[in-house]
Amino acid sequence: MFKKIAFIHYGTLDLDRAVEFYQNVLGLKLMFKVDDWAEFDLDGQRLALRRVDRWEPEAAAGAMVHLEARPIELMVEVLKNKGVHFVHAVQEFPYGKLATLLDPDGNRIGLYQPPGEKKPA
């Protein structure tokens, strides 16, 4: 029936600002941007942004996007140097390492490193 997730999207009040953050701060590859919609390619998966007139940030919602980050500690350091706000520092679990940041609209984005990978030297 279902074969894959078609895309994941976040709402944004300012599409240009959001595109700049996802493209230039997170380093995602912009596929296209039209009027009120933009999509990024993450190795064949799509992350979309949709401009809205009113938005409640996803910070209290249960679902969020997690981007694979290897090594996670280095990615957190790079993003903090770019002014990114983290709401959860790197935490280690049996299933891997996680950290959580906020985009300019307050949407949560997770960073994930699979288990068994060592910290950078």
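Preceding this section is the structure that the text describes.
Here is what the cut-offs are and how they apply
- Residues numbered from 1 in each chain as written.
- Predicted model: local features only at pLDDT ≥ 70, side-chain atom pairs only at ≥ 80, totals over all residues.
- Heavy atoms only, no water.
- Helix = DSSP H or I, 4+ residues; strand = E, 2+ residues; numbered from the N terminus.
- Buried < 20%, exposed > 50% of the residue type's maximum accessible area, 1.4 Å probe, protein only.
- Polar contact = N/O pair within 3.5 Å; in protein donor to acceptor, adjacent residues only side chain to side chain.
- Contact = heavy atoms within 4.5 Å.
- Pairing = 2+ DSSP bridges.
- Phe/Tyr/Trp six-rings, centres within 6.5 Å; stacked < 30°, edge-to-face > 60°.

### Concerning the side chain of E39
- Relative to the elements of secondary structure, E39 occurs in strand β3 (residues 37–42).
- Given a relative accessible area of 6%, E39 falls into the buried group.
- Within the structure, E39 has its side chain in polar contact with the side chain of W37 (distance 2.8 Å).
- When sequence neighbours within four positions are dropped, the list of residues in contact with E39 reads K29, L30, M31, F32, R46, L47 and A48.

### Some words on the pairing of strand β6 (residues 86–93)
- Pairing of β6 with strand β7 (residues 96–102), which is carried by 5 bridges, proceeds in the antiparallel orientation. Its bridge partner lying in β7, E92 is registered against K97.
- Hairpin connection of β6 to β7: 2 residues between the antiparallel strands.

### Description of the environment of I5
- Inspection of the secondary structure puts I5 in the segment before β1 (8–12).
- Residue class for I5 comes out exposed when judged on its relative accessible area of 62%.
- Separated by 40 residues in sequence, I5 and Q45 have C-alpha atoms that sit 8.0 Å apart.

### A short note on the side chain of D105
- Structurally, D105 can be placed in the loop between β7 and β8 (108–113).
- A polar atom in the side chain of D105 sits 3.0 Å from the side chain of R17.

### Remarks on the packing of aromatic side chains
- What the rule picks out here adds up to 4 aromatic pairs.
- Taking the centre distance of 5.4 Å and the plane angle of 80° together, the rings of F21 and Y22 count as edge-to-face.
- Assessed through its relative accessible area of 7%, F21 is described here as buried.
- Since its relative accessible area comes to 0%, Y22 is described here as buried.
- Taken together, a centroid distance of 5.1 Å and an interplanar angle of 0° make the contact between F93 and Y95 stacked.
- Put simply, the rings of F21, Y22 and F40 touch in pairs and so form one group of aromatic residues.

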